Amino acid sequence: MRLGFTLLSRVLIVFLLVLSGTVGIAQDRKAVSGTVSDRAGNPLPGVSFLVKGTNTGGATDATGKFRVTVPSNSSILVFSSIGYLSKEVSVGTASILSVSLEEDTKTLNEVVVTGFGMTQETRKLSYSATTVEGTDITRTNNANLVNALQGKVAGVMINQGTGGPMSSSRIRIRGNASLSGNTQPLFVIDGVLIRPGTSGANSWGAGQDFGNIMKNINPDNIESMTVLKGSAASALYGSEALNGVVVVQTKKGRVTKGLGVNYNVTSSFENAYRFLDLQNQYGAGLGEFPVGSDGVREVERANNNWVYNYGPKFDGQPVRDLDGRMIPWQANDPLKFFQTGKFVNHNVAIEGSNDRGSFRASYSGLTNTTIMPAGTEMKRNNFNIRGTQKIGSIFNLDVSADYTDNDMVNPIRQGGNFNPVFRFVFSRPRSLDIDYWAKNYEDPIAGGRRQGANDPYFISQFMWDTFEDRQLRNEKVFRTNVDLNGKLTPWLSFLLRGNIQTQLNTGSGRQPGPDPGFSGGYYSEFTENENQSRVQGILMANHKFGDNFDVSFNVGGESNRINGGRRFSASTNGGLRVPRVYSLANSQNTLNFGNGLASSRRIDALYAYGDVTYKDALTFNFSVRNDWSSTLTYADGSGDYSYSYPAAGLAWIFTESLNNLPTWLSFGKLRASYGFTGGDTDAYSTNRTGNYRPNGVYTLPDGNQINISGFSDNTLPNYNLKNRLAREWELGADIRFFSGRLGFDFTVYNKLTRNEILRLPIASESGLNSQLVNAGEIQNKGIELMINATPIKRGKFEWNTSLNYTRNRNKILDLVEGTDTYQLALGFGADVQSIAKVGEQYGTLVTPYGYAAYKSTDPTNPANGQRVIGAASGTTGGYPSYLRSGAYGQGSKVLGTMMENFLASNLNNVRYGNFTATLQLDGKFGGLMGSGTHQYGSANGSFANSLFGRDAETGGVRFTDAQGKIRNDGIIPEGVLADGYQVKVGDNLIDLGGMPYSEAVEKGYLTPIPAFAYYDNLSKWGSGIREYSVFENSWVSLREVSVGYNVPASVLEKIKVQSLRVSVVGRNLIYLYRTAKDGINPEGLYSNRPGEFMEYGGLPFSRNLGVSINVGL
Amino acid sequence: MKFTKYKYLLLGMVGLLTVSCEKQAFVDVNIDPDVLTEVPPQNQFLNATSAIHGQDFEAFYDIYRRIMPWMQYTTDLNGNQGAFTQNIDNFSSRYGRLYNGIGDRLYDIQKLVEDLPAEEQPRYTNMIRIARILKAYYAFYVSDIFGAIPYSDAFQGRYGGTLTPKYDTQQELFTRLDSEIKEAVATLKASPTAPQISLGQYDQYYGGNAQSWVKAGNALRLKIAMRQLKVNKGPAETIIKEVLAMPAADLMASNEDGWIFTAFTGFTQGGNWDPTSLRAPKPIVDFMWKTKDPRIDAFFTPNLFTQQNVDRLIEAGRLPAGTTAPERRYVGSIPNPDEAQRPENVRRFYTPARLVVAGQNVLVDTLSFIQPRLFRPSQAANGTAGNGRNFIPVITYSDFAFMRAEAAALGITTESAKAWYDMGVVNSIRWYDAIARGSNFTNYTPVTQAEIDAYMATPEVAFDASKAIDKIASQAYLHFIKQPTEGWANWKRTGFPNANSVVPMPTLTNNGAALNIARRAPIGLPNPNNPNYLNQKPAYDAMLALPGFGKDLQDATGRVWWDRP
């Protein structure tokens, strides 16, 4: 272990020695100026130039002009700009230069940000990396930059959050490389490591998702995002790179015309446009209207039958509601409950640059509400500065600082009774006057919310929690980074980097008392903090050996620390003393107090990486990183905490090497790479497992309390944990035709993760229920295809289109001996499980609450495989219903996987003169989701799926029920009766096992089932078949359509502005295709955990339309 | 020398990177400051006891939804529905609790003591024995409906022992438990070699009193032996005689000796304990009404036909003027599904009148409920939350007396069956009277001696040697309403009550077909991926070979080893 540190010290000593041997030489200087233009003579702004062999350089101004001091006449100026071939110009005796750059049709000099934020020529990459430009992110008018990535990068899957603008989205790159509770990639923003967490509701109840750290990142400051998908690409991040890395570059000051002030304002509106597929024909009740003593018809009250939707047909005529008001008999429109959400963002940036430095300062103020009328809002203020400065002739300083202050209110409740979509369909009739109760939930006389008979629909609690409960949260994130670059010799440079991020989260919750006189209620507060730091040093050597070999070699090291703080929380106990005064001091009883611990960890690393390029055509690159992680140490000082991750790759541009290729083949590259990434484990887990912990207090019968402590868990510790290790090979090709007008980028990869660190179940009879193991094999293999084309490029008109295709197979090859499943997520309580099972796909959904399938010992029995009907537990009216597979002794049933089959997207950019337009379609195909809204909401006849069989005209069968009443709403379920289902005919018992229900009806053994009971029993909590509400979730979304217009210079001169751009953007406009049942929102997952497959509440379908104006002064 | 400052700068960076690079720095970062490496052993005793009695899932599924309706201690709101006895979803969480929550905690007491300095260890001799008695009780409670379970090898995973414990057959287990309890009782009676550390407040049964635990241990030995009377007659009778031959001071002699878990109000506060949907059953209510059983108001609530509600119904035109509240307001619900669904019964019992009083819906229910604070003292009555204590029995003195009465009636002992029967009944009444006051029962009137005397004299109650077992078991059945799991075992063991017993338990039918009542837990099918499959499979196969075990493991109507016709 000590070896590593000695090595680190040695590297740094070498570093020092090299530095001390460097001496600058002063020479005669001369000033040169000039203009850079393209072939057509248009001046090119922003072209960077460099005096070869020095650090002197800069960028051309808005008119393409530059000015530089060169050491001598023999100096050479190098000009480069993305999209153009770089050009070297000898200064000679000239003092004014006119430089013309050639457009780079082969894009040989494309650069991409990789590794530690350095740029690398794309041509040298041996792996796939995709860059998304900042403009493509800000255009989406979305507070969360993760959502902006949707459909833009092959290999990346995004699920949008559903709790409002603050809620977290799920991002997954090339499947789940791990079974752990978070498989999201590492984000690196200006060298600061950002780890998006998981949040949201769970299967046991409602949750409000305040999201993870991604919501605190301001898209306005982003220059570009590069997604490093494969292990070879991300291996330099070692233990943190198992799930891929997204490197985010922020903007630097640029040369601008005019004042250098840029102002952007965006207003976008979100509208709910579609609700669930509800039925609008029948209102509350199970039969005809009862008639009051005054002869007025009334909503059916007896036995709480109003929860059902099998009452009279809507006729628009007056009826007396449960609370005595007269209302027209009509279906409600739940969409009216929702409001128009607003996204208003102001961004001001001031920037400038000269040949010695650059500066950019920006402010963004975002106010973002959503369709939920519960005060749901996110207000984000972000301040960002970045400056670069050359110091002397060697050092280059790059300093950035970013501060975000984010205020959030009431994320939309998901996962339970307090979500409006769920609430308005579950046990609530279609005739419920939502609008009235949304305005009249408060008791105007007694105070508090209406209760008892004044709240006959039991809806006031929902309204109270929606409109009166306030959950507030404030997050402050400060992030700063200092890069000191130096060029020691023409071939040797270094980088020293230090950064910190500090986060302070505070929040409060409050609710006025719901009881008469506003008694009760609560107020709570919490505060938590977390800090992290990273110090890094790299020594970089670049040299050209002879004409054929370009070599780059880098060594470095870093130390990362996360210092978790404590989370302190306090809440009032027993209600508020003085109603509506929200203060901890206003508690009835002694405050409830809590404190939790955020974990701390440290990872140190040493690395070496570089590449060798032969004849500009063949590049070999490699990297190796060694990590030391605190999480793999044990309290006794043991632990295998040092481990390494190597990677190597080869890129061959065959169009450079081979002659006589057809002219239509403009560029061709083949690439192959092989690399390792991995991970450590959770902080403290090596020392916490198998120990004891305080369990609070136990209250004795006399009310006194004693302290009580017990086991911290029931897990067998593992004293030999090793790091997780993933290896991945990747092959790819980048081939372009017709001067780059058509390009294909194809990748095939295979990633295998071993030594997963898991808690796996063991026989509970041993006194434990799990053991910490270090085993398993998880495979992800797949293909990614990107097709880029410019079908039209004529005069002012240009159309670029690209197609992304992603297919990943995420399979579990092995767990540990004796175990074949691992639970990833739950739905409907624990009724449906998302599991990893050996030999199956990740996220296989299994449930003992599926339809039981009839099995007889006689293989020819036609009943085999049919759904089984029997005496299901807890059925309404005691009617037989479908039996659950588990209850019928068939155990759990496999329903399929939640993982998608493939993803596809199409992005189009059209330019016509000063107009630009974008159109994006993206689609997900295959993969199951479960819906609590569908299951429980279907039970009472709210959905259109319950229209069949309600009466004679909808297919109901006529029969006489046990009470002797003749009914027309009989349904004869498809399926056969369970073995052991007996009826007594005369004195004989007859076993109906295997008999179709229809036959049992024909023979008079059983009656049809009234429609309301049939649907209720099929999907209600107590007897429902969960399989009924687990379905394929495929969709194609018209994700984005935008049109922009650049006001021409001739107009701008008159209004004295430098630039003006107006654009209109529509997001999430419509689903062109979707398979989610009965109008369930396909983007409705209630958390962003990796195994999540459940919707429970969700939201109506909504779309955003916005206008953006960008002014440069 | 312009570069000197850069060297300092770099030296500074080197310092930053190499400072505290020792491994110890990493080790220190990874230590959770909140972790405890040891705890006082008595903590685990309390953890285990609150796990035994604090199982809201068991209350909801096993007790309220399964055993109580099966045993006709209660019915569904509208009477029992359909083939309700076939519904065994979520039945029995006790098995899992033994291994994670109870047995492992109690076993850990011994292990925690072993980690103490040698001179400290003798001070925990009694604590270990008391924990062992409690562990034996719970292992018995689990095996009682599961049959063979791992025990002798169990609980050892945490200490480097086996992760795949073998199964003990029920016979082996019962024998082993008896000898463990016998040893514990003997040790508790012996004078200790060192002053003992008492469980004190961590013991919610007896406050750590060793002599009380001697009585509890002996009662438990008796209970386990009584279970085996049919299948293992000789050894069982030997144990019974041995226990009852103990000095009087070692045997329960009053309700104060009872093995009862006492807890604060909030212990059963969770929603799963809510008993509001539990109807009083017609057979028991009718018996108690007829015999003027003093416990009737401790067991059940009166229906809502108060004079006030009757007057309101008159006002609403639902009852003729001049109607008075009925004298009998204890009315039971029908346990038999076919009966409950008869239209005349639906109309008569299951269609409560609804009134709106002062803006509030009032339901005038014709039927009685289970006394809400019998199981949940915090239950609100008239808008006021209860604040009484919880009393959750393991072995009450009545239970002990009924066992003695039965042993006498069977001729195993020469004691007076009548005397112990009377002792059982009277002390049951007194015990319910005590907990009714301790738990602040609603609508409760304290018992008088006159009521008891009158009750004991009624023909249905007075002891009758010609049907001694029927009398004893029927009264035990009533007594076990607070402990339905024992009521169930009592029924399996004695065959009483039944359709013709003193307290009747009518046959249940659905669509005319008799419903079979479960006698054991449905056992999960062995999964080859279960890490303990190699032990589990043969143990289950052996049970399947037992007569009457059922058509498969899941068949809850089958019988475990001790349960003989």
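These numbers were taken from a predicted model, which means no experiment stands behind them. Along each chain, the written sequence defines residue order, and numbers are assigned to residues from 1. All chains are assigned letters beginning at A, and all ligands numbers beginning at 1, according to the order in which they are written. Note on the predicted model: pLDDT of at least 70 is required for a residue's local features to be given, and 80 or more for side-chain atom pairs to be given and counted; whole-chain, interface and lining totals, by contrast, use all residues. With hydrogens and water excluded, all non-hydrogen atoms of the structure serve as input to the side-chain values.

Asks: So what's going on with the packing of helix α17 (residues 417-438) of chain B against helix α19 (residues 468-479) of chain B? Residues and values would help.
Replies: Residue and element names in this part refer to chain B. Direction vectors running N to C along α17 and α19 enclose 10°, while the axes themselves pass 10 Å from each other. Judged on the interaxial angle alone, α19 and α17 are roughly parallel. The chirality of how α17 crosses α19 is left-handed. Residue-level contacts link Y421, V425, S428, W431 and Y432 of α17 to K471, I472, Q475, L478 and H479 of α19. Taken together, the residues that form the contact of α17 with α19 break down as 6 nonpolar, 3 polar and 1 charged. With axes taken as lines fitted to C-alpha atoms, and helix axes fitted only over the stretch in contact, angles between N-to-C directions fall between 0 and 180 degrees. For helices the rule is a DSSP run of H or I covering at least 4 residues; for strands it is a run of E covering at least 2, with both sets numbered from the N terminus onward. In these notes the angle categories are as follows: under 35 degrees is roughly parallel, over 145 is roughly antiparallel, 65 to 115 is roughly perpendicular, and the rest is oblique. Rotating anticlockwise by less than a right angle from the far helix to the near helix defines a left-handed crossing, while the corresponding clockwise rotation defines a right-handed one. Here, residues are in contact when the closest pair of their heavy atoms is within 4.5 Å. Side-chain classes are defined by residue name, with Ala, Val, Leu, Ile, Met, Phe, Trp, Tyr, Cys and Pro counting as nonpolar, Asp, Glu, Lys and Arg as charged, and the others, Gly among them, as polar.

Asks: Would you mind going over unusual backbone geometry in detail, with residue names and values included?
Replies: Here the amide bond leading from B:F496 into B:P497 is cis, since omega sits at -5°, within 30 degrees of zero. In this structure, B:P497 sits in the loop between α20 (484-494) and β5 (509-510). In this structure, A:F458 is a non-glycine residue whose phi angle is positive, near 50°. Not every positive phi belongs to a glycine, and B:F155 is a case in point at roughly 70°. Of note, B:F155 is situated in the loop between α6 (125-146) and α7 (170-189). Here's how the labels work: a residue is buried when its accessible area is under 20% of the maximum for its type, exposed when over 50%, partly exposed in between, all with a 1.4 Å probe on protein chains only. The class of B:F155 is buried, set by a relative accessible area of 2%.

Asks: An account of the interface of chain A and chain B is needed here, citing residue identities and associated values.
Replies: Opposite the 99 residues of chain A that make contact, chain B presents 84 residues. Between chain A and chain B, a total of about 7,500 Å² is buried, with carbon and sulfur atoms accounting for 60% of that surface. Joining two parts hides part of their accessible area as seen by a 1.4 Å probe, and the buried area is that hidden amount summed over both. On the chain A side of the contact with chain B, A:Y692, A:F711 and A:E765 bury the most area, a combined 11% of that side's loss. In what follows, salt bridge is the name for a side-chain nitrogen of Lys or Arg lying within 4 Å of a carboxyl oxygen of Asp or Glu. Here chain A and chain B share 2 salt bridges between them. The salt bridge partner of A:R688 is B:D32, with a shortest N-O separation of 2.7 Å. In protein, a polar contact requires one atom able to donate a hydrogen and another able to accept it; more generally it is a pair of N or O atoms within 3.5 Å, and residues adjacent in sequence count only if both atoms are side-chain atoms. For the interface between chain A and chain B, the tally reads 24 residue pairs in polar contact (both at pLDDT 80 or more). Among the secondary structure elements, those contributing two or more residues to the side of chain A that touches chain B are α1 (2-20), β29 (549-576), β31 (601-614), β32 (618-629), α9 (685-688), β35 (692-699), β36 (705-711) and β54 (982-985) of chain A. If you tally residues by element for the side of chain A that touches chain B, the top one is α1(A), at 8 residues. Here the side of chain A that touches chain B is built from residues that sort into 40 nonpolar, 43 polar and 16 charged.

Function-wise, these values are silent; they only describe arrangement.
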